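Here's the letter readout for the chains.
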Amino acid sequence: MKKIIALLIIAALAGYLLFWPVPIEPVAWQAPEAPKLEGRYASNSALANITPLALGEGNGPEDVAIDKEGNLYVGYDDGRIVRFNSEGKEPDLIANTQGRPLGLDFDPEGNLIVADGYKGLLSISPSGAIMPLSTTLDGIDYGFTDDVDADSNGVLYFTDASSKFGPAMKARDDVLEHGGHGRLIRYDPAREHAELLLDGLQFANGVALSKEEDFVLVNETGSYQIVRYWLKGEKAGTHDVFFENLPGIPDGISSNGDGTFWVALFSPRNALLDALSDKPLLRKVAFRLPQFLQPQPAHYSFVLGLNEQGDVTHNLQYNGDGAFAPITSVEQHGETLYLGSLTEPRFAAYQLGAPEGREETAQ
């Protein structure tokens, strides 16, 4: 009898792992072999030298925006947008989107533009008034409005990370499916017009304009690469791969306005996740496992600097106790990098050119 019960339990477990309905329909692909953390990606402890800011003021300050006076703005997981002074002190509630503010940027008029995972693209005036800008395109609602960058004329470039899996479902679902539900969108506030630039992206995440605004970059989290969409010149309207096979899982990207892109890597690559890339059935099985048994990101601080030719110029890491991770955004102001995180109860500052040789410049 005990053997029969054991066999029934095993059969039930196998049936669950193989056949229980799940919301993902994984697509087979081939993940490139992950670069080793050596050479231009050599492990280092640069990001051990961070200064935590606004500890305990809220959870998940995913992005940081800086106004002309140097004040710092972050959005928390409870919907609050909070302004701090340049030292990360004197918190001041600006607004509450009642959603999940993710990417932030200022337009030329001083309005804070918010990519809200639930509410779409929003504009918050200096007085705190919230105005919805765009929530749908071509009959498809934004499922996961993720990041935004404003050009010098106030035109907005933003991402719908996944039209299928919204923030409540988490990015994990879209990445495991690899179904290409991400979009890069341009919105012109003067015409109140949204335009699709790219679709079929594998979790379209961070977005950043070049110094001359002749191209825009978008991070494809699910493919470990950065795609470039040309806005000017003979290549206008076309796209190519700006950087492929990143050593980590890309999240946010920003431009410092002077030829450097800062790429926030959520964590180094996960070997098990990569091994499952061409095995859609096993990805379904992994999805059915308890979350703690699924492929997990390492708690690891990781930021890369790239120039506009796609060369690695900075390699900042830390894998020790108390690492600030995951890093989901990097914004430069002067010689300071401000780091955001999806889950940390703080954001952070890092001084470029840190002492003791902790900052590693790629060779």
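Residues numbered from 1 in each chain as written. Predicted model: local features only at pLDDT ≥ 70, side-chain atom pairs only at ≥ 80, totals over all residues. Heavy atoms only, no water.

## Quick look at the pairing of strand S23 (residues 312-318)
Of all 7 residues in S23, 7 are buried; the element is thus mostly enclosed. As defined by bridge partners, strand S22 (residues 301-307) adjoins S23 across 6 bridges and the pair is classed as antiparallel. Counterpart to Ser301 in the pairing with S23 is Tyr318. If you look at the hairpin formed by S22 and S23, you'll find 4 residues sitting between the two strands, and Gly310 has a positive phi there, around 85 degrees. (Buried < 20%, exposed > 50% of the residue type's maximum accessible area, 1.4 Å probe, protein only. Helix = DSSP H or I, 4+ residues; strand = E, 2+ residues; numbered from the N terminus. Pairing = 2+ DSSP bridges.)

## Overview of the pattern of salt bridges
One pass over the structure, following the stated rule, counts 13 salt bridges. Taking the shortest distance from any N to any O, the salt bridge between Asp173 and Arg172 comes out at 3.0 Å. One salt bridge in this structure joins Arg191 and Asp188, with 3.2 Å as the shortest N-O distance. For Arg191, a relative accessible area of 55% translates into the label exposed. (Salt bridge = Lys/Arg side-chain N within 4 Å of Asp/Glu carboxyl O.)

## Some remarks on the environment of Asp77
For Asp77, the location among the structural elements is in the loop between strand S3 (72-75) and strand S4 (80-84). C-alpha separation for the pair Asp77 and Glu57, spaced 20 residues apart in sequence, amounts to 11 Å. Not counting residues within four places of it along the chain, the set of residues in contact with Asp77 comprises Asn59, Gly60, Gly99 and Arg100. (Contact = heavy atoms within 4.5 Å.)

## As for unusual backbone geometry
Trans is the common state for peptide bonds, and a negative phi is the common state for residues other than glycine. With omega at -5 degrees, the peptide bond leading from Ala325 into Pro326 counts as cis. Tracing the backbone through its elements, the reader meets Pro326 in the loop between S23 and strand S24 (327-333). Although it is not a glycine, Phe203 adopts a positive phi angle of roughly 55 degrees. Phi angles above zero are rare outside glycine, and Tyr224 is one such case at about 60 degrees. As for its placement among the helices and strands, Tyr224 is situated in the loop between strand S17 (215-220) and strand S18 (225-230).

## A word on the packing of aromatic side chains
One pass over the full model with this rule turns up 10 aromatic pairs. Centroid distance Phe215 to Phe261: 6.1 Å. Interplanar angle 45 degrees. Geometry classified as tilted. Of this pair, Phe215 sits in strand S17 while Phe261 sits in strand S21 (residues 260-268), and the two are 46 residues apart along the sequence. Using a relative accessible area of 3% as the deciding quantity, one classes Phe215 as buried. For Phe261, a relative accessible area of 0% corresponds to the buried category. Note on Phe242 and Phe261: the rings are 6.0 Å apart at their centroids and 75 degrees apart in plane angle, and the pair reads as edge-to-face. Pair noted here: Phe242 is in strand S19 (residues 239-243) and Phe261 is in strand S21, with a separation of 19 residues, a long-range link. For Phe242, a relative accessible area of 9% corresponds to the buried category. By way of ring pairs, the aromatic residues Phe215, Trp230, Phe242 and Phe261 are connected into one cluster. (Phe/Tyr/Trp six-rings, centres within 6.5 Å; stacked < 30°, edge-to-face > 60°.)

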